[in-house]
Amino acid sequence: MADQTKPIELHYWPTPNGWKVSILLEELGVPYDLKLVNIGAGDQFKPEFLAISPNNRMPAIVDPEGPGGQPISVFESGAILQYLARKFGRFYPADERKRVAVDEWLFWQVGGLGPMAGQAHHFRQYAPEKISYGIDRYTNEVNRLYGVMNKRLQGRDFLADEYSIADMACVGWIVPHKNQGQDLDDFPHLKRWFETLNARPAVERGLAVGKEEREKLNLAQDKNAQSVLFGQRAR
Ligand SMILES: N[C@@H](CCC(=O)N[C@@H](CS)C(=O)NCC(=O)O)C(=O)O
């Protein structure tokens, strides 16, 4: 495993997308400095953050010891997970068949579970009007995706062959399952996997990073944060 002398900067807010990277950093046990990006207060639009994350979304990292010993910044959680897992040679097998299986489930999360569950949260919790079409569409789609994951996990411990960045990408999205209108008792294999992951100390620590900040921000009530986060257009 590569040595890390200088801490990695983690630009982060405690949400399912942020947790993916805090969990991996905790699993790797490498030093990191937490840089909170308060997305409810608009920190994601600060020029210094946009310079490393042009999509005004966290997470992002800066590794002062990037390729060639030079700093590198990475945005997009999937790219961050792959970068760190490649760098430290863990949770992302080098064998091509095994790596493809990790990539499949990692991209399934980044392109499917995350966006659909995010929309379910929006229409169920945050939209000022309760629009049943939006609520049903995204609750159903998350339900379908939970079913896909449940089937995949039947008879296997993890999404790929071994515990990997694909599991770390998904677990935080299952934490708020009630807010997505899902009952884990309907998905026994997924439930067992979720319990296995939650029992890992590094997952527990990763999910606890910045917890007190998450408790302070009540997005369903906070009109200022809603005006920052919802209705964004090109700047
Ligand atoms: N595809 C991105 C999604 C990241 C994302 O949506 N982050 C949200 C919080 S969960 C964010 O930073 N939102 C700020 C905003 O909407 O302005 C990734 O996987 O990194």
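As the structure is a prediction and not an experimental result, all values here were calculated from the model.

Calculation criteria
Residues numbered from 1 in each chain as written. Predicted model: local features only at pLDDT ≥ 70, side-chain atom pairs only at ≥ 80, totals over all residues. Heavy atoms only, no water. Buried < 20%, exposed > 50% of the residue type's maximum accessible area, 1.4 Å probe, protein only. Helix = DSSP H or I, 4+ residues; strand = E, 2+ residues; numbered from the N terminus. Pairing = 2+ DSSP bridges. Near = heavy atom within 4 Å. Polar contact = N/O pair within 3.5 Å; in protein donor to acceptor, adjacent residues only side chain to side chain. Areas by Shrake-Rupley, 256 points an atom, 1.4 Å probe, with all protein chains shown as cover. Arc of directions from axis to C-beta. Contact = heavy atoms within 4.5 Å. Salt bridge = Lys/Arg side-chain N within 4 Å of Asp/Glu carboxyl O. Axes fitted to C-alpha atoms, helices over the stretch in contact; angles between N-to-C directions. Parallel < 35°, antiparallel > 145°, perpendicular 65-115°, else oblique. Left-handed = near helix turned anticlockwise from the far one by under 90°. Nonpolar A, V, L, I, M, F, W, Y, C, P; charged D, E, K, R; others polar. Domains from an automatic or database assignment. Buried area = accessible area lost by both parts, 1.4 Å probe. Core = buried A, V, L, I, M, F, W, Y, C linked by side-chain atoms within 4.5 Å.

Quick notes on the pairing of strand S3 (residues 60–63)
On a regular strand, each side chain points to the face opposite its neighbour's, so the side chains alternate between the two faces of the sheet.
And then number 1: Because side chains alternate across S3, one face comprises the buried residues Ala60 and Val62, and the other comprises Ile61 and Asp63, equally buried.
And then number 2: In the sheet, strand S1 (residues 8–12) pairs with S3 via 3 bridges, with the strands oriented antiparallel. Across the sheet, residue Glu9 finds its bridge partner in S3, namely Val62.

Some details on the site of the ligand
And then number 1: Near the ligand you find 13 residues, and of these Gln44, Met58, Glu76, Ser77 and Gln232 are the closest.
And then number 2: Between an oxygen atom of the ligand and a side-chain N or O atom of Arg57, the distance comes to 3.0 Å.
And then number 3: Residue Met58 places a main-chain N or O atom 2.8 Å away from an oxygen atom belonging to the ligand.
And then number 4: In the complex, the protein chains occlude 83% of the 510 Å² of accessible area that the ligand would expose alone.

Describing helix H8 (residues 201–208)
And then number 1: Listed in full, the buried residues belonging to H8 are Ala202, Val203, Gly206 and Leu207. Mapping the buried residues of H8 onto a view down its axis gives an arc of 130 degrees, with all of them on the same face. Exposed residues on H8 whose side chains face more than 90 degrees from its buried face are Pro201 and Glu204.
And then number 2: Buried residues in H8 make contact with S1, helix H1 (16–28) and helix H7 (188–198).

Some remarks on the pattern of salt bridges
And then number 1: Enumeration over the complete set of coordinates arrives at 9 salt bridges.
And then number 2: For Asp63, the salt bridge identified is with Lys87, shortest N-O distance 2.6 Å. Residue Asp63 is located in strand S3, and its partner Lys87 is located in helix H3 (residues 77–88); the two are separated by 24 residues in the primary sequence.
And then number 3: The buried category is assigned to Asp63, whose relative accessible area is 0%.
And then number 4: Glu213 serves as the salt-bridge partner of Lys216, at 3.3 Å between the closest nitrogen and oxygen. Placement of the pair is Lys216 and Glu213 together in helix H9 (residues 211–216), with a separation of 3 residues, close to one helical turn.

A few points about the packing of H1 against helix H6 (residues 165–174)
And then number 1: For the pair H1 and H6, interaxial distance at closest approach is 8 Å and the crossing angle is 135 degrees. Here H1 is positioned oblique relative to H6, judged by the angle of their axes. Relative to H6, the crossing made by H1 is right-handed. For the pair H1 and H6, contact is made by Pro16, Asn17, Trp19, Lys20, Ile23, Leu24 and Glu27 and by Ile165, Met168, Ala169, Val171, Gly172 and Trp173, respectively.
And then number 2: Taken together, the residues that form the contact of H1 with H6 break down as 9 nonpolar, 2 polar and 2 charged.

So, the domain arrangement of the protein chain
And then number 1: When the domains of the protein chain are assigned, the result is domain 1 (8–90) and domain 2 (96–199).
And then number 2: The C-alpha-based centres of domain 1 and domain 2 are spaced at 22 Å.
And then number 3: If you look at the interface, domain 1 gives 14 residues, while domain 2 gives 15 residues.
And then number 4: Around 1100 Å² of area is buried between domain 1 and domain 2 when both sides are counted, 72% of it from carbon and sulfur atoms.
And then number 5: Among the residues of domain 1 in contact with domain 2, Pro16, Lys20 and Gln82 are the three that bury the most area, contributing 39% of the side total.
And then number 6: Counting across the domain 1 and domain 2 interface gives 0 salt bridges.
And then number 7: The tally of links from domain 1 across to domain 2 stands at 3 residue pairs in polar contact (both at pLDDT 80 or more).
And then number 8: Only H1 and H3 provide two or more residues apiece to the side of domain 1 that touches domain 2.

Thoughts on the nonpolar core
And then number 1: Ranked by size, the top nonpolar core spans 59 residues in total, and within it Ile61, Leu84, Met149, Ile165, Ile174, Leu190 and Trp193 carry the most contacts.
And then number 2: Contributions of two or more residues to this core are made by S1, H1, H3, helix H4 (96–126), helix H5 (132–153), H6, H7 and H8.
And then number 3: Ranked by residue count, the leading element in this core is H4, at 10 residues.
And then number 4: Built from parts of two domains, this core gets at least three residues from each of domain 1 (8–90) and domain 2 (96–199).

Some points on the sheet that holds S3
And then number 1: Strand order in this open sheet of 4 strands is S2-S1-S3-S4, and the pairing throughout is mixed. Two strands in the sheet have a free side with no partner beyond their single neighbour: strand S2 (32–36) and strand S4 (72–75). Each adjacent strand pair in this sheet contributes to an overall mean axis angle of 20 degrees, direction not counted.
And then number 2: Against the sheet, H1 contacts S1, S2 and S3, and its axis sits at roughly 155 degrees relative to S1.

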